[in-house]
Amino acid sequence: MTRETPLDRLASAKRIVVKVGSALIADAGSVRQTWLNSLASDIAARRTAGQEVILVSSGAIALGRNKLGPDRPRKLEEKQAAAALGQPLLMAALTQAFAPHNTPVAQTLLTLEDTENRRRWLNARATLEALLGAGAVPVINENDSVATDEIRYGDNDRLAARVAQMMGADILVLLSDIDGLYTADPRHNPEAEHLPILTDITADHDAMASGSNAQADLGSGGMITKLTAARIAQSAGCSTVITLGSKDRPLQALMNGARATWILSTLTPDTARQIWLKGHLTPEGSISIDAGAATALASGASLLPVGVVTTSGDFARGAAVAIKDPIGTTIAKGISAYSSADITQIAGLHSDQIEQELGYRGRPAVVHRNDLVLER
Ligand code: GLU
C-alpha cells in the first residue's frame, strides 16, 4: 500500500484556503505588487488544475494607516479607520494581480458572527459557494472597520481556519515569515529543529510556539495563533501547512517541496462534518417527511419542500432539527434553511414555488444534504 504524502494531499485537494499576512502584502505602507502578482499566478495555476482557492488576506490596516496621518494608529477607532482606507487599496492591488489570469476577485468581509452563528453561516457559505461556482477567487478579510474587540476574530489565522471549516476545505495554507514550527526560534538558537509533520498538536508544541517563537510572524498572529488555527482546521478534517510566504510563487515552491510544517488531519471534511452534525446538534424541533423524501434522503439527497408533510416545534432558520419518516422514526438530523413557520407554508410545494409563497427567494432545499446526517 502506498501512503499518501502531504504533497499528494495538496495536489488532490478540491478546495484550498490560503492565508497571507500583512507583512507579505505591504512594505512600509505600500503594496508589494510583484509578490502579489506571483501569488496570483500560483492561485491561477491551482484553478487551472481544477482546484478551488479562497484567499484570506490581511493588509487593510497596514496599507491604510499612513493615510490617516504620520502617527501610527493606536486607538481601536483609528485602526478601524485605517482598515477602511486600506481595504479598497488591497482589493485594487489584488484585482490588478489577477487581471492577466482573467480571474475576478470578490471581496467578502466577515465578522465573527458570520461563522459562529448558524443562521448567518448558512448565508456566508452560500455566497462563497456561488462565487466559487462563478470562477471567482473570494478574498476574505475581517470586517475590521465595524468589528470591535469583543466581537472580533482578532487575527486572520483563526478567521482562515473558520472559513476552511465552514467551506469544507481540504487544505489550509498559512503563508508566514518562517518556514514552519521549530523546537525553538531558529534565528537565535542554532540547536532549533524544524518539525516537518505533526499529527497531533500537544502542549509541547504550544510551548515551542510561545516563548521566543511567539513573534515569529510579524502580523497580529505569531506561531501560537497558527497552531490554534491548525487545531480548528484539524477537527474539521482539513490539514494545515505553515510555510514561508515571502519569496515569489510560494505555493509553487510548496508543491516543489519547500520546507514547511504540516499539521495533518486524520478525517476528511465530509466525515468531520458528519461527526459534528451527529454529536453537537440538539434538535429544536422536527420535520416530518413523506416516504418518497425518506428514500431520497437515504440515498444522499437534500430535503426539498415537496417532501415535507409537517413540522413540530417553533424553530428559526439555522436551527438543528430532527427529520422523521411517516412512521415517526427519526431518520436524520440537520440544519434547517427555513424557520418552522416558513416550512409550514411551503410544505408540499416545488422549490420554484417558494418565492411566490413566501415573498422571498429562499434556498431550494429545506435541509441541504451538506447539512444533514443520517441516523444509522
Ligand atoms: N484584518 C487585519 C487587516 O487586514 C489583519 C489581521 C491579522 O493580521 O491577522 O489589516
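On a predicted model such as this, the values are computed, not experimentally measured, just so you know.

Trainee: Looking at this structure, I do not really get the packing of helix H8 (residues 156-166) against helix H10 (residues 223-235). What am I missing?
Mentor: Packed helix pairs are characterised by how far apart their axes lie and by the angle those axes make with each other. Across the interface, H8 lies against H10 with an axial gap of 8 Å and an inter-helix angle of 10 degrees. Of the possible angle classes, the one that applies to H8 and H10 is roughly parallel. Of H10, the residues touching H8 (which contributes Asp157, Arg158, Ala161, Arg162 and Gln165) are Thr225, Lys226, Ala229, Ile232 and Ala233. A class-by-class count of the residues in the contact of H8 with H10 yields four nonpolar, two polar and four charged.

Trainee: Please explain the sheet that holds strand S1 (residues 15-20) as it appears in this structure.
Mentor: Hydrogen bonds between backbone groups are what pair the strands of a sheet, and the pairing can be parallel or antiparallel. Overall, mixed pairing links the eight strands, which are arranged S5-S6-S4-S1-S7-S11-S12-S10 in an open sheet. The sheet is open, and its two borders are formed by strand S5 (105-110) and strand S10 (197-198), each paired with just one other strand. Relative to strand S12 (residues 260-263), S10 is paired through two bridges, and the arrangement is parallel. In the sheet register, Leu198 faces S12, and the bridge partner there is Ile263. Relative to strand S4 (residues 52-57), helix H3 (residues 33-48) is tilted by about 155 degrees, and along the sheet it contacts S1, S4, strand S6 (137-142) and strand S7 (171-176).

Trainee: Please clarify how the pattern of salt bridges should be interpreted in this entry.
Mentor: As a working rule, side chains carrying opposite charge can pair if their charged atoms are close by. In this structure the tally under the stated criterion is 16 salt bridges. The closest approach of N and O atoms between Arg15 and Glu129, which form a salt bridge, is 2.8 Å. Here the residue Arg15 occupies a position in strand S1, and Glu129 occupies one in helix H7 (residues 118-133), the gap between them amounting to 114 residues. Residue Arg15 is classed as buried on the basis of its relative accessible area of 10%. A network of salt bridges, in which partner residues are shared, links Arg15, Glu52 and Glu129.

Trainee: Sorry if this is basic, but what is going on with unusual backbone geometry here?
Mentor: Negative phi is the rule for most residues except glycine; trans is the rule for most peptide bonds. One non-glycine residue with positive phi stands out, namely Ala28, at about 50 degrees. With respect to the element layout, Ala28 can be found in the loop between strand S2 (26-27) and strand S3 (30-31). Looking at Ala28, the relative accessible area reads 74%, which means it is exposed. Look at Arg249: it is not a glycine, yet its phi comes out positive at around 50 degrees. Take Arg249: it is sitting in the loop between strand S11 (239-244) and helix H11 (250-255). Residue class for Arg249 comes out partly exposed when judged on its relative accessible area of 33%.

Trainee: Sorry if this is basic, but what is going on with the environment of Ser239 here?
Mentor: Tracing the chain through its elements places Ser239 in strand S11. Apart from the residues lying within four places of it in its own chain, the contact partners of Ser239 are Arg9, Asp170, Ile171, Leu172, Ile263, Leu264 and Ser265. At 3.1 Å, the side chain of Ser239 forms a polar contact with the backbone nitrogen of Ser265.

Trainee: Teacher, can you tell me more about the packing of H3 against helix H5 (residues 76-98) here?
Mentor: With their axes 8 Å apart at the nearest point, H3 and H5 run at an angle of 55 degrees to one another. The orientation of H3 with respect to H5, classified from their angle, is oblique. In terms of crossing hand, the pair formed by H3 and H5 is right-handed. Residue-level contacts link Gln33, Leu36, Asn37, Ala40 and Ile43 of H3 to Ala93, Leu94, Gln96, Ala97 and Phe98 of H5. The residue makeup of the contact of H3 with H5, split by class, is seven nonpolar, three polar and no charged.

Conventions used here
- Residues numbered from 1 in each chain as written.
- Predicted model: local features only at pLDDT ≥ 70, side-chain atom pairs only at ≥ 80, totals over all residues.
- Heavy atoms only, no water.
- Axes fitted to C-alpha atoms, helices over the stretch in contact; angles between N-to-C directions.
- Helix = DSSP H or I, 4+ residues; strand = E, 2+ residues; numbered from the N terminus.
- Parallel < 35°, antiparallel > 145°, perpendicular 65-115°, else oblique.
- Contact = heavy atoms within 4.5 Å.
- Nonpolar A, V, L, I, M, F, W, Y, C, P; charged D, E, K, R; others polar.
- Pairing = 2+ DSSP bridges.
- Salt bridge = Lys/Arg side-chain N within 4 Å of Asp/Glu carboxyl O.
- Buried < 20%, exposed > 50% of the residue type's maximum accessible area, 1.4 Å probe, protein only.
- Polar contact = N/O pair within 3.5 Å; in protein donor to acceptor, adjacent residues only side chain to side chain.
- Left-handed = near helix turned anticlockwise from the far one by under 90°.

The analysis is restricted to geometry; functional conclusions fall outside its scope.
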